[in-house]
Amino acid sequence: MTIILVAAAAGMLMVVVVIRVVENRLVFFPPRYPAGFLPQEIHELAVEDVWLQAADGVRINAFYHTSAGSKQVLLWFHGNAENIGYGLGQMKALAYIGTNILAVDYRGYGKSEGKPDEAGVYHDADAAYDYLINQRHFRPEDIVLYGHSLGGAVAVNLASRRPCGELIVQASFTNARAMARRMFLNPLIEYFVSSRFDSLEKIRDVHASILIVHGTADDVVPFAMGKELFAAAPEPKSFYAIEGAGHNDLLEVGGERYVARLKTFVEASARNYSERH
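What this report covers is the structure whose coordinates are included nearby. (Residues numbered from 1 in each chain as written. Predicted model: local features only at pLDDT ≥ 70, side-chain atom pairs only at ≥ 80, totals over all residues. Heavy atoms only, no water.)

On the secondary structure map, A128 appears in helix α3 (residues 118-134). Sequence separation between A128 and W76 is 52 residues; the distance between their C-alpha atoms is 9.6 Å. Ignoring sequence-local partners within four residues, the contact set of A128 consists of L52, L75, L102 and V104. (Helix = DSSP H or I, 4+ residues; strand = E, 2+ residues; numbered from the N terminus. Contact = heavy atoms within 4.5 Å.)

Printed below as a string of structure tokens:
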């Protein structure tokens, strides 16, 4: 019996070690340059190619779009298996909101240096935020954090630590453990992963207007997770369901009505902030 227990323990330890070694490869799917980087003229959107440096020295790439006359900026964190090259079409749609836009590639994505992990992408988010404050001279209350899927977790983490005007979380999950259970269909797997991305806990510490967006037909991150995040979020908050939308087609399915909803949210939240202060 002792031999069996020792063997079982050793086997379990080996599983943990293997999962920890390959974990980041299971969590992150970074498309590298030149994948996704088509000529900007195709999307008819003027963007500036900029480089930022994270606190740990990693250089990350970003696109900056200027909206003349706007005092606000949308800091956009894309989802997994995407990069800012693939996101140019979405940036064009989001430009209708009327704000400036900074779209960031996490380390290891697109042209950015390094390899992604949870702590690293948080460093990248801070670098983007600091760039907007220190070099573009935006006020914290004029920064709108907007994240899709994995980017939603990055945006929530940043908003829980740094002041901002608004937070938009699109098709994002509650935490990494819940997603691990869903992906691997094993209740024990959550105890083996080191990544947390615990948006369910961190969103409680956000002091900004919050909009949670989720497609009702999302088969990657269940619609119920979006509702859980909304329930945990503090006021002021609102929820926008896009009927029939999956995980990556919210802008296409939501169309002009969805973009108009984003524009209304950003403008109304900015007015409300000014009135409160």
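Next, the rest of the story.
Turning our attention to the nonpolar core. Nonpolar side chains tend toward joint burial in soluble globular proteins. Counting 51 residues, the largest nonpolar core has L75, F77, L102, L132, L145, L167 and F197 as its most contacted members. At eight residues, α3 tops the list of elements feeding residues into this core. With near-sequence residues (within four places) excluded, L145 lies in contact with L75, F77, A155, L158, A159, C164, E166, L167 and I168. Residues I168, Y258, L262 and F265 belong to the second largest nonpolar core, which totals 29 residues. (Core = buried A, V, L, I, M, F, W, Y, C linked by side-chain atoms within 4.5 Å. Buried < 20%, exposed > 50% of the residue type's maximum accessible area, 1.4 Å probe, protein only.)

Here the focus is the pattern of salt bridges. By the definition in use, this model includes 13 salt bridges. Residue E48 is joined to R136 by a salt bridge in which the shortest nitrogen-to-oxygen separation is 2.9 Å. Highlighted residues: E48 in strand β1 (residues 48-53) and R136 in the loop between α3 and β5 (143-148), separated in sequence by 88 residues. Judged by relative accessible area, R136 falls into the partly exposed class, the value being 26%. For R107, the salt bridge identified is with D124, shortest N-O distance 2.8 Å. Pair noted here: R107 is in the loop between β4 (100-104) and α3 and D124 is in helix α3, with a separation of 17 residues, a long-range link. The exposure classification of R107 matches that of D124, with both residues buried. Within this structure, D126, D130, R161 and R162 form a network of salt bridges that share partners. (Salt bridge = Lys/Arg side-chain N within 4 Å of Asp/Glu carboxyl O.)

On to the packing of aromatic side chains. Aromatic rings in a pair are described by how distant their centres are and how their planes are angled relative to each other. Here the structure, examined in full by the defined rule, presents nine aromatic pairs. Measuring from centroid to centroid gives 6.2 Å for F28 and F197, while their planes differ by 70 degrees, and the two rings are edge-to-face. Of this pair, F28 sits in the loop between α1 (2-27) and β1 while F197 sits in the loop between α5 (176-184) and α6 (199-202), and the two are 169 residues apart along the sequence. A centroid spacing of 6.1 Å and a plane angle of 70 degrees characterise the contact between F37 and F63, whose relative ring orientation is edge-to-face. Taken together, the residues span a long stretch of sequence, with F37 in the loop between α1 and β1 and F63 in strand β2 (residues 59-65) at a distance of 26 residues. In this structure F37 comes out as buried when scored by relative accessible area, which is 17%. Among the aromatic side chains, those forming a connected cluster through ring pairs are F28, Y122, F173 and F197. The ring of Y64 has R136 lying over it, and the distance from NZ or CZ to the ring centre is 3.8 Å. For the cation-ring pair, K237 lies above F230, with the distance from its terminal atom to the ring centre recorded as 4.6 Å. (Phe/Tyr/Trp six-rings, centres within 6.5 Å; stacked < 30°, edge-to-face > 60°. Lys NZ or Arg CZ within 6 Å of the ring centre and 35° of its normal.)

Remember that the coordinates give geometry; whether it matters functionally is a separate question.
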